[in-house]
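Here's the letter readout for the chains.
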Amino acid sequence: MVWGVRPQTFGSNSFGRYPPSDLVFEIFFLSKFDRIKGRPSFKRGITLDFKSFYLLSILNRFHGERSWSAVYHLLKGKRTSQTIQDGFLFRVHYYFGTMTALSRDELLSAIKWFEAKELIKTINAEHYILTPKGCNELEMISQQYVIPTGLNGWFYGRQGKLFWSRLSLLVQALSHLSRNVRKYYPVIKDETALHWVKRFLLSGSLRKNELVDAVRTELESVCQLLSDLEADVLLQRLSGYQCYGLTLSQMSERAGRSQEEVHLLLQSGLHRMVGIVLERDDFSILKQLLEGTETIGLTASAHKTLTLLKNGLSIEEIAFRRRLKPSTIQDHIVEAAFSNPYFSIAPFVTPDEHQAIAQALAQAKTRKLSAIKTLCPDHIDYFQIRLVLAREGEQ
């Protein structure tokens, strides 16, 4: 593939429709999806494809203050304190883990292409900013491409994958059971999810027809709260009796959209759906599909540190017990501050220190810690600056 060049599109400008001939579509075929409109025609002079648009957009969010590796680790979903901190500082945590198949070579090729087209320029080793031409091109292409707004990879990425595995298997099972067909090949080869769905079906208090009605009602309701495209791509991935969900390639061809865009639409719809189900009380069946999944975006190591912190241990005591450096424990605390807006930083930063750091941040007009540190009183350390950044970044 040549970076930046839009591939030829095929077929209709909107996603195709399944005939509602099978039970899975009797349950989930919603009339609102007939109103989906295709993408408007492109204006002349706009040459970026969706993948290039997405990468250039995220590179621009870092304002040259992080290297291109930060973009790579963010999109790959690398769970490190630095990636987490950068994600929240630059408000790109929504895109965490949204392109796990991206390779370093692919990203480097894209960057070289952007540079050759004078869309970006280096400001120091491996740090790039958009040129005026790049900013103009990004603004123009933004009239045609839009990053799906439901993406929330840091909080719902891992939850969404497990939720989707269970939902897909449950829909397939109900479709076959309603036809009294008990032998079929599962659409997802995930033994853990398969066992969970089997237990769910066997332990449920609802009869088969009641469960079908309940799932249908809840899915209809939650899909009404998604965008048309998000709901459409999610429904077309579902499989049932003698009916198989479309692949990314098939949906891409039918829609005249790239596979990368379809993939992001799927994730966006899934993240939005998980968020809705978690926040509301009227999705009792769907909420059960989230049983046992993470509810807070913390690494496992940070979670252990927070547990000890809640038990009253100091940073030094936690470091000694866990055989880690105190700086690592501080990283965990910063991670918690970024991930949880209700996490209190008061034990580590006094009100006066908070105010001094906030003033330095406003004066520095940058997210570079070293630049902010020079504007703070000498006794303030980087740990405290990062904690205040976590709070000030929410405003």
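Residues numbered from 1 in each chain as written. Predicted model: local features only at pLDDT ≥ 70, side-chain atom pairs only at ≥ 80, totals over all residues. Heavy atoms only, no water.

**Observations regarding the pairing of strand E1 (residues 120–124)**
Part 1 of the reasoning: Here four bridges tie E1 to strand E2 (residues 127–130), and the two strands are oriented antiparallel to one another. Paired with Thr-122 across the two strands is Tyr-128, which belongs to E2.
Part 2 of the reasoning: Between E1 and E2, which follow one another and run antiparallel, lie two residues, and Glu-126 among them has a positive phi close to 65°. (Pairing = 2+ DSSP bridges. Helix = DSSP H or I, 4+ residues; strand = E, 2+ residues; numbered from the N terminus.)

**Some details on the pattern of salt bridges**
Part 1 of the reasoning: All told, the structure shown has seven salt bridges when counted by the stated rule.
Part 2 of the reasoning: Between Glu-106 and Lys-51 there is a salt bridge, and its shortest N-O distance comes to 2.9 Å. Note that Glu-106 is positioned in helix H5 (residues 104–116) and Lys-51 in helix H2 (residues 50–61), a separation of 55 residues in sequence.
Part 3 of the reasoning: For Glu-106, a relative accessible area of 27% gives the class partly exposed. (Salt bridge = Lys/Arg side-chain N within 4 Å of Asp/Glu carboxyl O. Buried < 20%, exposed > 50% of the residue type's maximum accessible area, 1.4 Å probe, protein only.)

**Side note on the environment of His-176**
Part 1 of the reasoning: In this fold, His-176 is placed in helix H7 (residues 153–177).
Part 2 of the reasoning: Between the alpha carbons of His-176 and Tyr-241 there is a distance of 5.3 Å; along the sequence they are 65 residues apart.
Part 3 of the reasoning: Sequence-distant contacts of His-176, that is, excluding residues within four places in its chain, are made with Val-181, Tyr-184, Gly-240 and Tyr-241. (Contact = heavy atoms within 4.5 Å.)

**What to know about the packing of helix H9 (residues 208–223) against helix H12 (residues 259–279)**
For any two helices packed against each other, the geometry comes down to the angle between their axes and how far apart the axes lie.
Part 1 of the reasoning: Between H9 and H12, whose axes approach to 10 Å, the crossing angle comes to 115°. With respect to H12, the element H9 is oriented roughly perpendicular. For the pair H9 and H12, the crossing hand works out as right-handed. Along the contact surface, H9 presents Leu-219, Val-222 and Cys-223, while H12 presents Met-273, Ile-276 and Val-277.
Part 2 of the reasoning: Of the residues assigned to the contact of H9 with H12, the class counts are six nonpolar, no polar and no charged. (Axes fitted to C-alpha atoms, helices over the stretch in contact; angles between N-to-C directions. Parallel < 35°, antiparallel > 145°, perpendicular 65-115°, else oblique. Left-handed = near helix turned anticlockwise from the far one by under 90°. Nonpolar A, V, L, I, M, F, W, Y, C, P; charged D, E, K, R; others polar.)

**Things to note about unusual backbone geometry**
Part 1 of the reasoning: Of note, Glu-126 is a non-glycine position whose phi angle comes to about 65°, a positive value.
Part 2 of the reasoning: Along the chain, Glu-126 turns up in the loop between E1 and E2.
Part 3 of the reasoning: One non-glycine residue with positive phi stands out, namely Gln-242, at about 50°.
Part 4 of the reasoning: By the element assignment, Gln-242 lies in the loop between helix H10 (228–237) and helix H11 (248–255).

**Details of helix H8 (residues 191–203)**
Part 1 of the reasoning: Helix length check: H8 (13 residues) gives 18 Å between terminal C-alpha atoms against 18 Å at 1.5 Å per residue, within 8%.
Part 2 of the reasoning: Within H8, burial applies to Ala-193, Leu-194, Trp-196, Val-197 and Phe-200. The arc that holds the buried residues of H8, viewed along the axis, is 165°, so those residues lie on one side. Exposed residues pointing more than 90 degrees away from the buried face of H8 are listed as Glu-191, Thr-192, Lys-198, Leu-202 and Ser-203.
Part 3 of the reasoning: With a side-chain oxygen positioned 3.1 Å from the backbone nitrogen of Thr-192, the residue opening H8 is Asp-190. (Expected span 1.5 Å × (residues − 1). Arc of directions from axis to C-beta. Polar contact = N/O pair within 3.5 Å; in protein donor to acceptor, adjacent residues only side chain to side chain.)

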